[in-house]
Amino acid sequence: MRENELEFIPVILGGDITTYSLARSFHEEYGVKSIAISTVKNWLNSYSSIIDNIIEPKMNDLDTFIKRLVSLGEQYAEKKKLLLIACGDWYVRMIIENRDTLEKYYVIPYIKEDLLNKLVLKDSFYEICEETGVDYPDTFVYDVKEKNPIKLPFEFPVIAKPASSAEYHYAEFKGKKKVFKFDNMDELKAMLSNLEQSSYGYKFLIQDFIPGDDNYMYILTCYCDRNSKVRFMSFGHTVLEDHGDAAIGNPVAIINMVDRDVMDKSIRFLEETGYTGFANFDIKYDVRDGKFKYFEVNTRLGRSNFYITGSGFNAVKWIVDDLIYNKKFDDRIVIANNENLYTVVPKSIVLAYCGTPELKEQVKRLYREGRVSNPLEYRDEKNIIHKLYTKYFMFKQKKRFNKFLKLEGRK
């Protein structure tokens, strides 16, 4: 199907690997060129034959956000359906909170605001886990405004992270990280003291540290149709995570697998809450009790979303079939069961840090069999600058990971 025959155009808000991965998935399935709105010009998306990149430096400002999207929507009114996709939690919230204005021009594949507030605030997320039988780490909630006494029901080390990722996005303070790990109370209190000087005013979660490195992490992505029925599930075993401060915890290598017990628990969680659209769960296996512990749910496709498409199950097709073409789905749940290695780092890095000998042999086999996908290395990408930058990006990743993991004593 040629682009001019399509009745829709994807509009993607963001400017990183997430944006390009989604644009590639749309292009692979439909031959469509996506519109991406970024705050700065960037090598991955501004120089691409599959993306029309609009630069809007003030896109994080609500007034600018609305004006830019309404203006774009008016350009395509009665010509094309615009499918609005966000690559950041703050954009998801801005879209949902302004749904009444935006849905005049856009198809919006996100949950309602009341459910968003329950799920993205991690303290209430764990309450839903409790109600639906999903396991999660032991957690202490610290209120940044109230400064309640810290009385932990577990020992150090601990993990600390914001209960509201969207609000935390705008906070600035010394030593800011996406997720913290602390070995003692003095370290924890020093970070909280710095945090309290920032704009962040919600809750911070302090959790029991579940032992195990990157290889104990898992990712589960599910799609629920407009009637809140789970239609698709893709479970992945993390081979390696990013170790930089700004991106720590983001999977950079994933192998698809199937675990029906984990999936069945997630079905109950999603369908009982009335979820719609994509849900992306971060999960860690706890060897102490043999349970998979859920950390959070992202109400959008995550940075590593191409682990789905790369395995042969194009992720964006579910959104388009459901919300653009109003497809009637079969009763069975489709499960991504093709073994595939997703990665955005060089082969040498994956093999050097992938953990156990068994996992290393699995990675080697997948490379031999050609069952490896990198969203940035797209043969239908025609822009030479993008192709050259991708090579540079991969070289840079080799230097980054060698530096971070050497500091951690893993080399």
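What you are looking at is a predicted structure, and each value in this text was computed from that prediction instead of being measured.

What counts, and where the lines are drawn
- Residues numbered from 1 in each chain as written.
- Predicted model: local features only at pLDDT ≥ 70, side-chain atom pairs only at ≥ 80, totals over all residues.
- Heavy atoms only, no water.
- Helix = DSSP H or I, 4+ residues; strand = E, 2+ residues; numbered from the N terminus.
- Rg over C-alpha atoms; globule rule 2.2 N^0.38 Å.
- Buried < 20%, exposed > 50% of the residue type's maximum accessible area, 1.4 Å probe, protein only.
- Areas by Shrake-Rupley, 256 points an atom, 1.4 Å probe, with all protein chains shown as cover.
- Lys, Arg positive; Asp, Glu negative; His and termini not counted.
- Charge placed at Lys NZ, Arg CZ, Asp CG, Glu CD.
- Salt bridge = Lys/Arg side-chain N within 4 Å of Asp/Glu carboxyl O.
- 1 Å grid on protein atoms, 1.4 Å probe; cavity = no way out; pocket = protein on both sides within 12 Å on 5 of 7 lines; lining within 4 Å.
- Points joined across faces, edges and corners; volume = space filled by probe spheres on them.
- Nonpolar A, V, L, I, M, F, W, Y, C, P; charged D, E, K, R; others polar.
- Pairing = 2+ DSSP bridges.
- Contact = heavy atoms within 4.5 Å.
- Axes fitted to C-alpha atoms, helices over the stretch in contact; angles between N-to-C directions.
- Expected span 1.5 Å × (residues − 1).
- Patch = residues over 30% accessible without salt bridge, like charges linked within 9 Å, V, L, I, M, F, W, Y side chains within 5 Å.
- Parallel < 35°, antiparallel > 145°, perpendicular 65-115°, else oblique.
- Left-handed = near helix turned anticlockwise from the far one by under 90°.

I tried to follow the overall build of the chain on my own but got confused; where do I start?
In terms of helices and strands, the chain carries 15 helices and 17 strands. Computed over C-alpha atoms, the radius of gyration of the chain comes to 21 Å, within 12% of the 22 Å expected from 2.2 N^0.38 for 411 residues, which places it in the range of a compact globule. Across its three principal directions, the C-alpha atoms of the chain cover 60 × 50 × 45 Å. Counting all 411 residues of the chain, 55% fall into the buried class. About 18400 Å² of surface is accessible on the chain, with carbon and sulfur atoms providing 48% of the total. Charged side chains of the chain number 61 positive and 61 negative; the gap between the two group centres comes to 6 Å.

Looking at this structure, how should I read the pattern of salt bridges?
Charged atoms that come close allow side chains of opposite charge to pair. Following the criterion strictly, the structure yields 25 salt bridges and no others. Close ionic contact of Lys-317 with Asp-321 constitutes a salt bridge, the shortest N to O distance being 2.8 Å. Placement of both Lys-317 and Asp-321 in helix α12 (residues 316-324) is noted, with a separation of four residues, approximately one turn of the helix. We classify Lys-317 as partly exposed; its relative accessible area is 29%.

Before we go on, may I ask you to explain the layout of surface pockets in this structure?
Space left empty within the atom packing is revealed by a probe, the size of a water molecule, rolled over the atoms. There is about 290 Å³ of room inside the second largest pocket. Forming the walls of the second largest pocket are 19 residues, and the residues nearest its centre are Arg-99, Ile-108, Tyr-110, Lys-112 and Thr-276. Counting only elements with at least two residues in the lining of the second largest pocket, the list comes to β10 (217-224) and α12. Grouping the constituent residues of the lining of the second largest pocket by class yields nine nonpolar, four polar and six charged.

Explanation requested: the sheet that holds strand β4 (residues 81-86) in the structure shown.
Two modes of strand pairing occur in sheets, parallel and antiparallel, and in both the strands are linked by backbone hydrogen bonds. Spatially, β3-β2-β1-β4-β5 is the arrangement adopted by the five strands of the open sheet, whose pairing is parallel. The open sheet is flanked by β3 (51-55) and β5 (106-107), the only strands paired with a single partner. Strand contacts of helix α4 (residues 89-97): β1 (8-13) and β4, with the helix running at about 135° to β4, the strand carrying the most contacts. Lying on the sheet, α12 is in contact with β1, β4 and β5; it crosses β4 at an angle near 135°.

Teacher, can you tell me more about helix α3 (residues 62-76) here?
The α-helix advances 3.6 residues per turn, and as a result positions three or four apart in sequence lie on the same side. The terminal C-alpha atoms of α3 lie 22 Å apart, and with 15 residues this matches the ideal 21 Å at 1.5 Å per residue to within 8%. Backbone geometry just downstream of α3 places Glu-78 in the positive-phi region, at approximately 65°.

Can you walk me through a nonpolar patch on the surface in this structure?
Taken together, the side chains of Trp-43, Ile-384, Ile-385 and Leu-388 present a nonpolar region at the surface, about 410 Å² in accessible area. Of all the elements, helix α15 (residues 384-407) adds the most residues to the nonpolar patch, at three residues. For Ile-384, the location among the structural elements is in helix α15.

It is not clear to me how the pairing of strand β7 (residues 158-162) should be interpreted in this structure. Could you clarify?
Consecutive side chains along a regular strand alternate between the two faces of the sheet. Among the five residues that make up β7, five are buried, leaving the element largely enclosed by the rest of the structure. In terms of strand pairing, β7 meets strand β8 (residues 180-182) through three bridges, oriented antiparallel. In the sheet register, Ala-160 faces β8, and the bridge partner there is Phe-180. Relative to strand β9 (residues 203-208), β7 runs antiparallel, the two sharing five bridges. Across the sheet, residue Lys-161 finds its bridge partner in β9, namely Leu-205.

Could you clarify how one ought to interpret the packing of α4 against helix α6 (residues 113-120) in this entry?
Each pair of packed helices can be summarised by the angle the axes make with each other and by the distance between the axes. Two numbers describe how α4 lies on α6: the axes approach to 10 Å, and their chain directions differ by 155°. The angle between α4 and α6 falls in the class roughly antiparallel. Between α4 and α6 lies a crossing whose hand is left-handed. In this structure, α4 contributes Val-92, Arg-93, Ile-96 and Glu-97 to the contact, and α6 contributes Glu-113, Leu-116, Asn-117 and Val-120. For the contact of α4 with α6, a count of residues per class yields four nonpolar, one polar and three charged.

I'm lost on α12 in this one. Help?
Summarising burial for α12: seven of the nine residues are buried, a large majority. Asn-326 lies just past α12 and shows a positive phi near 50°.

Honestly, the pairing of strand β13 (residues 277-286) in this entry has me stumped. Any pointers?
Burial runs high along β13: nine of the ten residues are buried. In this sheet, β13 lies alongside β10 in antiparallel orientation, the contact comprising eight bridges. Bridge assignment links Met-217 to a residue of β13, and that residue is Lys-284. Pairing of β13 with strand β14 (residues 291-298) involves seven bridges; the strand directions are antiparallel.

Can you help me understand the environment of Ser-266 in this one?
Relative to the elements of secondary structure, Ser-266 occurs in helix α10 (residues 260-273). In sequence terms Ser-266 and Met-233 are 33 residues apart; their C-alpha atoms lie 9.5 Å from each other. When residues no more than four places from it in sequence are discounted, the contact partners of Ser-266 are Leu-220, Met-233, Phe-281 and Tyr-294.

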